[in-house]
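Notes for the structure review
As a plain string of letters, each chain reads:
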Amino acid sequence: MSRAVKGRGKLFAADEREGQEMCDATSREAIIQNLKDAGCVPKQIEEFLACMEAHKSKAELELLADHRDCLLEEVHRCQKKIDCLDYLTYQLKKEKKDL
């Protein structure tokens, strides 16, 4: 049985054989590109693909969640920097008004 599987804005084909979802070469390439687009380094991609080939979906999800957590921490660090700049801008404008 063949069905469409959606992955981060990309659509690719997947076959179901003996209850296991087997991805064709195109979907594997799409997954690799998706991981690269998400900022994964080659070691992370290799680890994910190894889990995928071993049908360890729980491990796949854990790897994705770990990377997501790292990205979110980076967003929060950047947000704090933006907040500092915004505060400095506010203070400078306030001082100019008081003159």
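This one's a predicted model, so the numbers in the text were calculated from it and none came from an experiment.

1. Concerning the nonpolar core
Of all hydrophobic cores here, the largest spans seven residues; its members are Ile 31, Leu 35, Cys 40, Ile 45, Phe 48, Leu 49 and Met 52. Those elements giving two or more residues to this core turn out to be α1 (25-37) and α2 (42-53). Among the elements that take part in this core, α2 stands out by supplying four residues, more than any other. Setting aside chain neighbours within four positions, we find Met 52 in contact with Arg 28, Ile 31 and Glu 60.

2. Brief notes about a negative patch on the surface
A cluster of acidic side chains, namely Glu 47, Glu 62, Asp 66, Asp 69 and Glu 73, defines a negative patch on the protein surface. Counting residues per element, the negative patch draws most heavily on helix α3 (residues 57-98), at four residues. Relative to the assigned elements, Asp 69 resides in helix α3.

3. A closer look at the side chain of His 67
Structurally, the position occupied by His 67 is in helix α3. For His 67, a relative accessible area of 11% gives the class buried. Beyond its immediate chain neighbours, meaning those up to four positions away, His 67 contacts Ala 38, Gly 39, Cys 40 and Gln 44.

Rules of the game
Residues numbered from 1 in each chain as written. Predicted model: local features only at pLDDT ≥ 70, side-chain atom pairs only at ≥ 80, totals over all residues. Heavy atoms only, no water. Core = buried A, V, L, I, M, F, W, Y, C linked by side-chain atoms within 4.5 Å. Buried < 20%, exposed > 50% of the residue type's maximum accessible area, 1.4 Å probe, protein only. Helix = DSSP H or I, 4+ residues; strand = E, 2+ residues; numbered from the N terminus. Contact = heavy atoms within 4.5 Å. Patch = residues over 30% accessible without salt bridge, like charges linked within 9 Å, V, L, I, M, F, W, Y side chains within 5 Å. Areas by Shrake-Rupley, 256 points an atom, 1.4 Å probe, with all protein chains shown as cover. Salt bridge = Lys/Arg side-chain N within 4 Å of Asp/Glu carboxyl O. Lys, Arg positive; Asp, Glu negative; His and termini not counted. Charge placed at Lys NZ, Arg CZ, Asp CG, Glu CD.

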